[in-house]
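Residue-level structure breakdown
These are the residues of each chain, in order.
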Amino acid sequence: MIKPNSTRLTGYAERYPRITLIGMSGLGKSYWSKVLEAEGFKRFCCDDMIADRLSDILTQSDGKTIDLGEWMGFPYDAGYRDREKTYLALEIEVLQEILAYLEVAESGERIVLDTTGSAPYAGESIMKRLAKSTAIIHLATSEAYFSEMLDRYIQHPRPVLWGDLFAREPLETDIEALGRSYEALLAFRDKLYKEYAHHTIPYEAHRI
């Protein structure tokens, strides 16, 4: 069932046959892309495509699979930097594959891209190609809901690329450093998202 506050986003869907959703991990990009999929859009989920490429790693010896967030871990976990590099390389590969599809897709085909929170890290060239081929819709964050967003991330880890934005100050615990650094990450990402977006939807209008 579509929520009452979906009007604004689905309004963009009526104007644009091809849409790229960008924004922080856990904000609802997957939810809204599925809403559009139910309305007839072909959906590309970058996280799912990356997970497919990591299926051997994500499958445990007992046959059960772990999700990308569990595999990636937090920035203070051992081996995180190597996993971060692997994820970004696969993200670039996935976006290039989607762009190749967009360039040959029939003009009337409606398409929505559910990107990862780190999509802009794929580079200016890829983001400009996305901006040329699709309408980029930014699902914004909000300082008023910072604690809620941080709690969601801690309770249900997402594959977040931190780069050099995670730092621990003297006497800080891992969680304290994570909270302070997460605020810096939001500010940095917000600037990137707005740089590439054609439209921004406020947090209050898209939160789920």
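Our structure's up above, just so we're on the same page.
Moving on: the packing of helix 8 (residues 146-155) against helix 9 (residues 174-196). The geometry of helix 8 relative to helix 9 is characterised by a closest axis approach of 11 Å and an angle of 120 degrees between their N-to-C directions. The angle between the axes of helix 8 and helix 9 places the two elements in the oblique class. Seen along the crossing, helix 8 lies across helix 9 with a hand that is right-handed. Facing F146, M149, L150, Y153 and I154 of helix 8, the residues of helix 9 in contact are I175, L178, G179, Y182, E183 and L186.

Spatial strand order, 2-3-1-4-5: five strands in an open sheet with parallel pairing. Since the sheet does not close on itself, it has two edges, and those belong to strand 2 (42-45) and strand 5 (199-201), each with one partner. Across the sheet, the mean angle separating the axes of adjacent strands is 20 degrees when strand polarity is ignored. Of the pairings in the sheet, the one linking strand 2 to strand 3 (residues 111-114) comprises four bridges and is parallel in character. Paired with K42 across the strands is I111, a residue of strand 3. Sheet strands in contact with helix 3 (residues 46-53) are strand 2 and strand 3, and its direction is about 55 degrees off that of strand 2.

Cut-offs used in this document
Residues numbered from 1 in each chain as written. Predicted model: local features only at pLDDT ≥ 70, side-chain atom pairs only at ≥ 80, totals over all residues. Heavy atoms only, no water. Axes fitted to C-alpha atoms, helices over the stretch in contact; angles between N-to-C directions. Helix = DSSP H or I, 4+ residues; strand = E, 2+ residues; numbered from the N terminus. Parallel < 35°, antiparallel > 145°, perpendicular 65-115°, else oblique. Left-handed = near helix turned anticlockwise from the far one by under 90°. Contact = heavy atoms within 4.5 Å. Pairing = 2+ DSSP bridges.

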